[in-house]
Amino acid sequence: MLKDGIYGLAYAAEGERMPTEGSALATLRKGRIFGSDPWGGVFTGSCQFDPAQRLSTVELRLNVPPHGELITGFSAGPAGASIDIVAAFEGTAPKLSSVVNVAGRPVRVELTYLGPLPA
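### Structural notes on the overall build of the chain
Next, step 1: Within the chain one finds 0 helices and 8 strands.
Next, step 2: Dimensions along the principal axes, computed over C-alpha positions, put the chain at roughly 40 × 30 × 25 Å.
Next, step 3: Relative to its 119 residues, the chain shows a buried fraction of 41%.
Next, step 4: Nonlocal contacts in the chain, meaning residues at least 24 apart in sequence, comprise 39% of its contacts between residues at least 6 apart.
Next, step 5: Carbon and sulfur atoms form 55% of the exposed surface of the chain, whose accessible area is close to 6900 Å².
Next, step 6: Within the chain, one finds 10 positive and 11 negative side-chain charges whose respective centroids are separated by 7 Å.

Laid out in structure tokens, this is it:
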């Protein structure tokens with residue numbers, strides 16, 4: 001289960017080692033997610049927990065800036081791009097991992113709970 005707070009993300013394309021490929025920060029508050037990476041990618045979305053399956057499902061829209069390039073090789077071009085991503089994470093914080101499809105390619109993602117949100 002993902003609880004409200006600040007998360008660090010590490011991610012790597014297939015065959016690459018963590019966390020050499022990339023990183024990002026995200027916040028989760030009342031089921032809403034907002035985050036960004038150091039290269040200008042911004043993502044927003046939601047998180048729902050299924051207690052019967054002990055599964056957190058994350059739905060995101062990743063906005064890639066103009067001429068942005070993802071670790072999968074995807075290039076956003078001069079207009080930038082928006083990519084929808086769905087991921088499922090089993091277990092509970094502080095560290096969770098999953099493999100997600102990003103623009104048609106698998107990406108390993110690790111979430112690490114860093115701490116609570118400011119009041």
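### Comments concerning the confidence of the model for the chain
It should be kept in mind that the predicted coordinates are not to be read in detail where pLDDT is low.
Next, step 1: Averaged over all residues, the pLDDT of the chain equals 93, while 97% of them reach at least 70.
Next, step 2: When mean pLDDT is taken per element in the chain, strand S3 (residues 32-36) scores highest with 98 and strand S2 (residues 22-29) scores lowest with 93.

### Structural notes on the pattern of salt bridges
Next, step 1: Tallying each qualifying case throughout the model produces 1 salt bridge.
Next, step 2: Salt-bridge contacts for Arg61 lead to Asp84; the nearest nitrogen and oxygen are separated by 2.8 Å. Remark: Asp84 occurs in strand S6 (residues 81-90) and Arg61 occurs in strand S5 (residues 55-64); sequence separation between them is 23 residues.

### Looking at the sheet that holds strand S1 (residues 5-13)
Next, step 1: Pairing within the open sheet is antiparallel, and its 8 strands lie in the order S6-S5-S4-S3-S2-S1-S8-S7. At either end of the open sheet lies a strand with only one pairing partner, and these are S6 and strand S7 (95-102). Strand after strand, the sheet turns through a mean of 25° between neighbouring axes, direction not considered.
Next, step 2: With 5 bridges joining them, S3 and strand S4 (residues 42-50) adopt antiparallel strand pairing. Opposite Gly35, over in S4, you have Phe43 as the bridge partner.

### Comments concerning the nonpolar core
Next, step 1: By size, the foremost hydrophobic cluster in this structure holds 28 residues, and its most contacted members are Leu2, Leu9, Ile33, Phe43 and Val109.
Next, step 2: At the level of elements, S1, S2, S4, S5, S6, S7 and strand S8 (105-115) are the ones that each hand at least two residues to this core.

### Side note on the packing of aromatic side chains
Next, step 1: What the rule picks out here adds up to 1 aromatic pair.
Next, step 2: Note on Tyr7 and Tyr113: the rings are 5.4 Å apart at their centroids and 70° apart in plane angle, and the pair reads as edge-to-face. With a gap of 106 residues between them, Tyr7 in strand S1 and Tyr113 in strand S8 connect regions that are remote in the sequence. Side by side, Tyr7 and Tyr113 carry an identical accessibility label, which is buried.

### Let's talk about the side chain of Thr72
Next, step 1: For Thr72, the location among the structural elements is in the loop between S5 and S6.
Next, step 2: A polar side-chain atom of Thr72 sits 3.4 Å from the main-chain amide nitrogen of Phe74.
Next, step 3: When neighbours within four sequence positions are excluded, Thr72 is seen to be in contact with Val102, Arg105 and Val107.

Rules behind the numbers
- By convention here, each chain's residues receive numbers from 1 onward along its written sequence.
- Where local features are concerned, this predicted model is filtered to residues with pLDDT of at least 70; where side-chain atom pairs are given and counted, the filter is 80 or more; whole-chain, interface and lining totals use all residues.
- Excluding hydrogens and water, the side-chain values take into account all heavy atoms of the structure.
- Helix and strand assignments follow DSSP, with helices taken as H or I runs no shorter than four residues and strands as E runs no shorter than two, numbered in order from the N terminus.
- Here's how the labels work: a residue is buried when its accessible area is under 20% of the maximum for its type, exposed when over 50%, partly exposed in between, all with a 1.4 Å probe on protein chains only.
- Residues are treated as being in contact if the distance between any of their heavy atoms lies within 4.5 Å.
- In this description, accessible areas are obtained by the Shrake-Rupley approach with a 1.4 Å probe, and a residue is regarded as covered only by the protein chains that are shown.
- Only four residue types enter the charge count, namely Lys and Arg as positive and Asp and Glu as negative; His and the chain termini do not.
- Throughout, a charge is located at the NZ atom of Lys, the CZ atom of Arg, the CG atom of Asp or the CD atom of Glu.
- Summary of the metric used: pLDDT quantifies the predictor's per-residue confidence within the range 0 to 100.
- Between Lys or Arg on one side and Asp or Glu on the other, a salt bridge is scored when a side-chain nitrogen of the former is within 4 Å of a carboxyl oxygen of the latter.
- By definition, two strands form a pair when at least two bridges between them are found by DSSP.
- Inter-axis angles, ranging from 0 to 180 degrees, are taken between N-to-C directions of lines fitted to C-alpha atoms, where helices are fitted over the stretch in contact.
- Here, the term nonpolar core denotes a set of buried Ala, Val, Leu, Ile, Met, Phe, Trp, Tyr and Cys residues that are joined through side-chain atoms within 4.5 Å.
- Ring pairs shown here join Phe, Tyr and Trp side chains whose ring centres sit within 6.5 Å, with only the six-membered ring taken for Trp; geometry is labelled stacked below 30 degrees between planes, edge-to-face above 60, and tilted in between.
- Two N or O atoms count as a polar contact when they lie within 3.5 Å, although within protein this holds only if one can serve as hydrogen donor and the other as acceptor, and sequence-adjacent residues are included solely when both atoms are side-chain atoms.

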